[in-house]
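Notes for the structure review
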Amino acid sequence: MQVFKAFIKISRQSIGIILTYTIIFIVFLEMMSRFNSTATASEFTESSINIAVIDNDNSSLSNNLLKYIDSKHNIIDIDTDIDDIRDAMYRRSVDYVLIIPENFYENIIAGNNISLESYKLPDSVAAEFVELQLNNFISVYTAYIDMLDNSDLAYEKTANVLKAEAEVSVSGSTSSDEISIPHYFYMFLTYILLSVIVMCITPILITMNTEEIKIRTLCSSLSSVKRNIFIAISTFSLGLIIFLLFTVFSLIRFSSDMFSTVGMLRILNCFIYMIVCLGISFSAGVFLKNRNTVSMLANVIGLGSSFLTGVFVDRSLLAPSVLAVGKFLPCYWYINVENELLRFGNHNTRTIIYGYGMQILFAIVLFALGIVFSKSKKSE
Amino acid sequence: MFFHVFKYGLKINFRVKEIVFWAFIFPIILGTCFYAAFSSISTSTESFNTINVAIVLENSDSDIYFKEIADSLSDDENDLPLLNPTYCSSIEAGQLLEKEEVTGIITLSGGIPSLMISGDGINESILKEILNKYLQSVSMLSDIDVNDTASLSKVLSAINNDISYIKELKLTDGNTDVFTNYYYSLIAMCCLMCFSGTMGSMSIKANLSSVGIRKNLSTTRKSVIILGTFMSSYIIQAIASIILIIYLNYVLKVNLGGSLPLITLTALVGSFAGVSTGTFIGALPKLSESLKIALNIIVSLFSCFLSGLMIGDIKYIIQDNLPLLDLLNPAAAISNALYSLNIYDTYNKFIQSISVLTIYSIVLIFTSYLMTRRETYASL
Amino acid sequence: MSESIIKIEKLVKRYKELIALDHLSLDVTEGEIFGLLGPNGSGKTTTINCILSLLTFDKGSIKVFGKEMKPDSYDIKQKIGVVTQNVAVYNELTVYENIDYFCGLYVKDKSLRKKYVDEAIEFVDLRQFTKFYPKKLSGGLLRRLNIACGIAHKPTLIFMDEPTVAVDPQSRNKILENILELNRNGATIIYTSHYMEEVEQICTQISIMDKGKMIATGTKNELLKMIKNSETITIEILNINEETLSNLKNLPHVYDVKYNNNQLKLYYSGGKHNLVRVLDYFKKENIDIGRVYSELPTLNDVFLEITGKELRD
């Protein structure tokens, strides 16, 4: 009982840390929900983007081109100064800038070599599609002009042709927008949970393991086994409390998504990961001596593994060699489960079970490490 | 006197574990993680692979046209065919899709293809575009009189037209890789995490440390002691950030964009901001030493989070929604400065960011000075 | 005529409602080893901090070397050395570096400073430990380092605030010897402690404080003369009857007799041959006695009599 009380007292000192990380987390969450439409929207959906057009040609072609663009996207006015363009693009107020040079139409008809000019952001898939649409429009439109010699009719026919779209059905998954926020919540939670648990619980364990206190407790009437059991219970309780805080928050915030099979599996995933974090915390408590070292460790493991396993940067963008290293981090298996849950209905149950299993394995190894070293230190 | 205080300040700082770790080691570790995570991006996104697709024919005459197109797209006499089709039944196709052996299923019905996919990546989008193009071609062809050979040839050339009418202009001479932003935030973090400033200012105040009492009673002017301590912290911070830049630029060969001398200048001003922050935190009354160290970590991690250290896009959200925060955040100022060196030709934005940092530093230093110069207290 | 090196008049310091120093007056003459004695919380450290101009005070005046002490009184500061209650050294610097650092805040000249530092190390006998870090030093050695840092620049007025707390006997003796040597070399020492024996041992002038007030001040003998008791004789005796007790009470200079647990205690006020007299008495009466010993009063007794409390907690 006393052991537990001591735990609580020491953990009060960590309130600041818990609060801070929680605030970072909540800020992140709010950002992601506002940001959702642009970043997390599936690259597949043809959303309309912001385009700025600088028309130096003012021909029937350019006007019709503008009309076509306007029908599919938002046309934004910007200044033509290069720095302003850069500014607008990097602030994402404009995703694509098109410049129609003088005499463009004339040259096209004459068959001369002339191009439209564009500015686009690197790696922008949306820009690629816009250009596809523009190229399509121009080739079809110029063909019709050639045949009909009437710009209005040509536009009408072009627009009609370009309306033809294949029917697409997506199997299995629900609309990606709805599930992405809880998904990102639980992804980011790996970093937060690890940081909070390690930074709060490890210092307590370090203090408990300090020689003087250990000796004092050993001399007391509490047997060593009982002491360890109390410590285990207290550690677990604290971890559980932290876990519950975040879980309850997610249940309230994403109620519709979380009260479902997917939601429950997510929570289970998170619970297992929490145990892993406790394992890390436990081992660290045995090996480390200084409270300040704990924050160093927490941030190196937390940030490092988050980058290498696909928390902050999408998994699909990481090199295979990086992922091979990542497999040795428990976070990797957590993310595996999370990604699989995204495709629920079409998912691979084995992957999920495997993910759980690997994490549990990590937890066992970590606890074992801690126990073995704790014993060997005792005998010194 | 100044040099004496300065020299010993350096010695003391270099012997404190926390200072050496957070200033020198942690940024290098994180930078290496970034490098590992990002370096493969260009290779994995730009490489193009043939798309596997299942095609379910209706087994009627109307299949022919589409099949011809499909065959031409899978012609492997070219280096890399666009498609790798598997002709099978609907059920088999469904299984292939579930096992993720094909990206999508094209089903023909009355000669009209429709698409079924299970994900939302680039490949799925390409498949859709292929089908769209096919349907648009069909629409164009069905509109003209079969006997009108002139029109027919124009339409056919329009359909087969692979010309891109758009030429991309270079938006900037700098490095347009989106991930450089992470490195900028990392440099910002390196500049801002300043324990030496905190410890230094704590050691000057008599009501915060016994060593401070000695300093108060010495014949060296308080202002000299404050300056000497500050400079020793600043040198450490500046060296740490320069080492990071050298490591990123020459060892990891990350292209930071912009001129190296100006980047270094940014780091020096950034370090100045960092030491001011650290000194300010150290001079605050009523907080314990470990809490101040925690505050150091929290402040720099959080402000770097807001400038995009973990999730790069946060920076843009803040710029759009809370521009004032972006203006006042020192981490954002540092990363904006580096960013503008990369992207812009003119130095307006750069000077603006540097000015913000300088003003921020001066305000904090002045406040710290007011808090530490006091020599007689109401209570110790 | 020796100058007054420190002169405090009617000093008052309040922390909100608590009165830490209550119209305290103090006079320290040059060349003294001045002891400030009192239980924990009596205001010793507060007094010192006020003298050093580290603490503000509400009323009264303090003059050091005849002048008022201010933060920029560098001429006075040059002559003052402080050995603080909490060890004030850098854990990140070695013994040598610590002394050099703090000495360097007073002495600009490098060669002179080196000489001073070496002398300070010799003085506290830390020659073998110059390359050690504070974490590796025992309590006693740490205190010696603390002293070295405070006196390296050869001050003439030294404040030592509880320098022997948690110190092993060997180091303690060394420290006390050091203080006497410093005094012989011309330094005035202000020594605060709640260890009465040390104060009695080395201090030339003693002030006893309690609850922010000066209770008594003077040399050791002067203080002892303030109380009634001048000698206590304890005799082991198995049986004693009422008659013997009342006879004993009537012995000259006896003002109190107590008998408890076979121990007879006789309290004397004045008189020179009390022990001889009482032994004579028992011999004459043919009463068997066991061990006999005589004690002189201590400052603790002075404190006890004046305040009704013990000096030691």
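Residues numbered from 1 in each chain as written. Chains lettered and ligands numbered in written order. Predicted model: local features only at pLDDT ≥ 70, side-chain atom pairs only at ≥ 80, totals over all residues. Heavy atoms only, no water.

**A few points about the environment of B:I318**
Residue and element names in this part refer to chain B. Mapped onto the elements of the fold, I318 is located in helix α14 (residues 314-321). Looking at I318, the relative accessible area reads 2%, which means it is buried. Separated by 267 residues in sequence, I318 and I51 place their C-alpha atoms 38 Å apart. (Helix = DSSP H or I, 4+ residues; strand = E, 2+ residues; numbered from the N terminus. Buried < 20%, exposed > 50% of the residue type's maximum accessible area, 1.4 Å probe, protein only.)

**Side note on the environment of A:S169**
Within the secondary structure, A:S169 is located in strand β5 (residues 167-170). Given a relative accessible area of 30%, A:S169 falls into the partly exposed group. Aside from chain neighbours lying at most four places away, what touches A:S169 is B:L115, B:M116 and B:I117. (Contact = heavy atoms within 4.5 Å.)

**A word on the packing of aromatic side chains**
Residue and element names in this part refer to chain A. Counted according to the given criterion, the structure contains 40 aromatic pairs over all chains. Between F243 and F271 the ring centres are 5.4 Å apart and the planes differ by 70°, which places this aromatic pair in the edge-to-face class. In this pair, F243 sits in helix α10 (residues 224-253) while F271 sits in helix α12 (residues 261-287), placing the two residues 28 residues apart along the sequence. For F243, a relative accessible area of 5% gives the class buried. (Phe/Tyr/Trp six-rings, centres within 6.5 Å; stacked < 30°, edge-to-face > 60°.)

**Describing the pattern of salt bridges**
Considering all chains together, one arrives at 21 salt bridges over all chains under this definition. Taking the shortest distance from any N to any O, the salt bridge between B:K128 and A:E165 comes out at 3.8 Å. Of the two residues, B:K128 sits in helix α6 (residues 122-143) while A:E165 sits in the loop between α7 (151-162) and β5, which places them in two different chains. The exposure class of A:E165 is partly exposed, given its relative accessible area of 38%. (Salt bridge = Lys/Arg side-chain N within 4 Å of Asp/Glu carboxyl O.)

**Some thoughts on the interface of chain B and chain A**
The interface of chain B with chain A comprises 86 residues on the first partner and 83 residues on the second. Per-residue buried area on chain B facing chain A is highest for B:Y165, B:I166 and B:L171; these three make up 11% of the total on that side. At the junction of chain B and chain A, the tally comes to 2 salt bridges. B:E168 is paired through a salt bridge with A:K120; the nearest N and O atoms lie 3.9 Å apart. Remark: the boundary between chain B and chain A carries 11 residue pairs in polar contact (both at pLDDT 80 or more). A total of 13 residues in the side of chain B that touches chain A trace back to one element, the largest contributor, which is α6(B). In terms of residue class, the side of chain B that touches chain A is made up of 50 nonpolar, 18 polar and 18 charged. When β5(A) meets strand β4 (residues 112-117) of chain B, the two strands line up parallel, connected through 4 bridges. Within the sheet, the bridge partner assigned to A:E167 lies in β4(B) and is B:S114. (Buried area = accessible area lost by both parts, 1.4 Å probe. Polar contact = N/O pair within 3.5 Å; in protein donor to acceptor, adjacent residues only side chain to side chain. Nonpolar A, V, L, I, M, F, W, Y, C, P; charged D, E, K, R; others polar. Pairing = 2+ DSSP bridges.)

**Considerations on helix α10 (residues 210-217) of chain B**
With respect to burial, α10(B) is a largely interior element, 8 of its 8 residues being buried. Every buried residue belonging to α10(B) is among B:S210, B:V211, B:G212, B:I213, B:R214, B:K215, B:N216 and B:L217, and all of these are buried.

**A short note on the layout of surface pockets**
The computed volume of the second largest pocket comes to approximately 1,000 Å³. Lining the second largest pocket are 37 residues, with B:V16, B:M199, B:E289, C:N91 and C:E92 positioned closest to its centre. At the level of elements, α1 (2-14), α2 (17-38), α9 (195-202), α10, α11 (222-251) and α13 (289-306) of chain B are the ones that each hand at least two residues to the lining of the second largest pocket. The class makeup of the residues in the lining of the second largest pocket is 17 nonpolar, 13 polar and 7 charged. (1 Å grid on protein atoms, 1.4 Å probe; cavity = no way out; pocket = protein on both sides within 12 Å on 5 of 7 lines; lining within 4 Å. Points joined across faces, edges and corners; volume = space filled by probe spheres on them.)

**A closer look at the domain arrangement of chain C**
For chain C, the domain assignment lists domain 1 (4-225) and domain 2 (231-296). Here the C-alpha centre of domain 2 of chain C lies 44 Å away from the C-alpha centre of domain 1 of chain C. (Domains from an automatic or database assignment.)

**Re the pairing of strand β4 (residues 59-64) of chain C**
Residue and element names in this part refer to chain C. Bridge analysis of strand β1 (residues 4-15) against β4 gives 5 bridges, and the strand direction is antiparallel. Bridge assignment links K7 to a residue of β4, and that residue is K63. Where β4 and strand β5 (residues 67-68) come together, 2 bridges link them in antiparallel fashion. The residue of β5 that forms the bridge with K63 is E68. Where β4 folds back onto β5 in an antiparallel hairpin, the turn is made up of 2 residues, including F65, whose phi is positive at roughly 55°.

**Points about the environment of C:F282**
Looking at the secondary structure, you find C:F282 in helix α10 (residues 274-285). The sequence separation of C:F282 and C:L248 amounts to 34 residues, and the corresponding C-alpha distance is 9.7 Å.

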